[in-house]
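This is what each chain is made of:
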Amino acid sequence: MRGGANSIFGLFGIASLIAVLVGCWTAARVGFTIGLWGQMIVTWALGLSLAIAIARVAVTKRWQHVAFAGVVMAGLLACFVDTGLQGVHRWVVIGPVRFNVAALTLPMLVVLLGQSGRAVLAMLPIVLLVAQPDAAQASALAAAVLCLLSIGDRWRESVVVGGALAALVTAAGLRPDPLPRLPEVEGIVGLGWQQSPSVAILGVVALGVATLAPLRAGFRSGDRTATALAAYFAANAIASVIAALPVPLIGMSVSPVIGFWLGIGALASAQRTQ
């Protein structure tokens, strides 16, 4: 990998690991079993391995972008085949693990849409996210798309698409979400604060650094794809503050950990081929 790609890996890797470990420490302190928080560490290592593999592959051809977009759409549609939880359809069950398809695949999709210049195609998965419903992922993907569209000469397209995105995100936010708030997922920062405010602050700072890590590449090259990926990461983190939504990396949810790493790997691949 080139120097820029290495710097992205290093910054995100350190910050994300700290955030994950803070979540694991908190879960262990309040009595959750190693079966729950231990899988987060394994997942982080798996995500790193996948990201390294992706970074070494040139994902630049149109058919590759189309194929992955098809995988994302198929995965989101597969969520509706599953019985769901209280009418919410965000997951695909593989063995004992329930994966949030959007959190797993959208970061890499953001990078590929940025490379292809066809960010408007993200409207299709956002419609499915509204139907699931998943306000956090819909908002995060919308933020990324706006970054991809707003940089350059396509301001008219940005206005039209931005209006449509705002309507879809509003619809997702207004749909009722009957799922209970889980302390180890949505409430993990509050639990950490109860155990040790300094550790909780460390986790939040680490999460902030991890979400902004792609900007290290964007500032150097003016890469709008890096900016869009950072916007997707940040929107996920901010959504967990505004509403009772999963806290990425710190919360006990494996999908965002792998998904964030896949996005970093795809961005490093894009940087390598520029």
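Throughout, residues of each chain are indexed from 1 in the direction in which the sequence is written. Local features in a predicted model are, by the rule used here, given only for residues with pLDDT of at least 70; side-chain atom pairs are given and counted only at 80 or more, and totals for whole chains, interfaces and linings are based on all residues. The side-chain values count all of the structure's non-hydrogen atoms but skip hydrogen atoms and water molecules.

K.L.:
Describe the pairing of strand E2 (residues 97–100), listing the residues and the values that go with them.
P.N.:
Pairing between strands is defined by DSSP: at least two bridges between the two strands are required. Each helix is a run of H or I in the DSSP string that is no shorter than four residues. Each strand is a run of E no shorter than two, and both are numbered from the N terminus. When strand E1 (residues 91–94) meets E2, the two strands line up antiparallel, connected through four bridges. Bridging across to E2, Val 92 finds its partner in Phe 99. Between E1 and E2, which follow one another and run antiparallel, lie two residues, and Gly 95 among them has a positive phi close to 65 degrees.

K.L.:
Can you explain helix H8 (residues 188–195)? Please cite residues and give values.
P.N.:
For the exposure calls, accessible area comes from a 1.4 Å probe over protein chains only, and a residue counts as buried if that area is under 20% of its type's maximum, exposed if over 50%, partly exposed in between. Along H8, the residues classified as buried are Ile 188, Leu 191 and Gly 192. Each buried residue of H8 sits inside an arc of 100 degrees when the element is viewed along its axis, so together they form one side. Arc definition: directions from the helix axis to the C-beta atoms.

K.L.:
Which residues make up helix H3 (residues 62–78), and what values go with them?
P.N.:
By this rule, a helix spans an expected 1.5 Å times one less than how many residues it contains. For H3, built from 17 residues, the straight-helix expectation of 24 Å at 1.5 Å per residue is met to within 8% by its first-to-last C-alpha distance of 24 Å. Residues Gln 64, His 65, Phe 68, Val 72, Gly 75 and Leu 76 constitute the buried set of H3. Buried residues along H3 cover an arc of 110 degrees about the axis, so they all sit on one side. Opposite the buried face of H3, by more than 90 degrees, sit the exposed residues Arg 62, Trp 63 and Val 66. Considering only its buried residues, H3 is in contact with E1, helix H4 (101–116) and helix H5 (123–131). Contact definition: two residues touch when any of their heavy atoms are within 4.5 Å.

K.L.:
Provide a residue-level description of the environment of Ala 230, including the pertinent values.
P.N.:
Positionally, Ala 230 belongs in helix H11 (residues 224–242). Residue classification places Ala 230 among the buried residues on the basis of a relative accessible area of 3%. Placed 123 residues apart in sequence, Ala 230 and Pro 107 show a C-alpha to C-alpha distance of 9.4 Å. Filtering out sequence-adjacent residues up to four positions away, Ala 230 remains in contact with Thr 211, Pro 214 and Leu 215.

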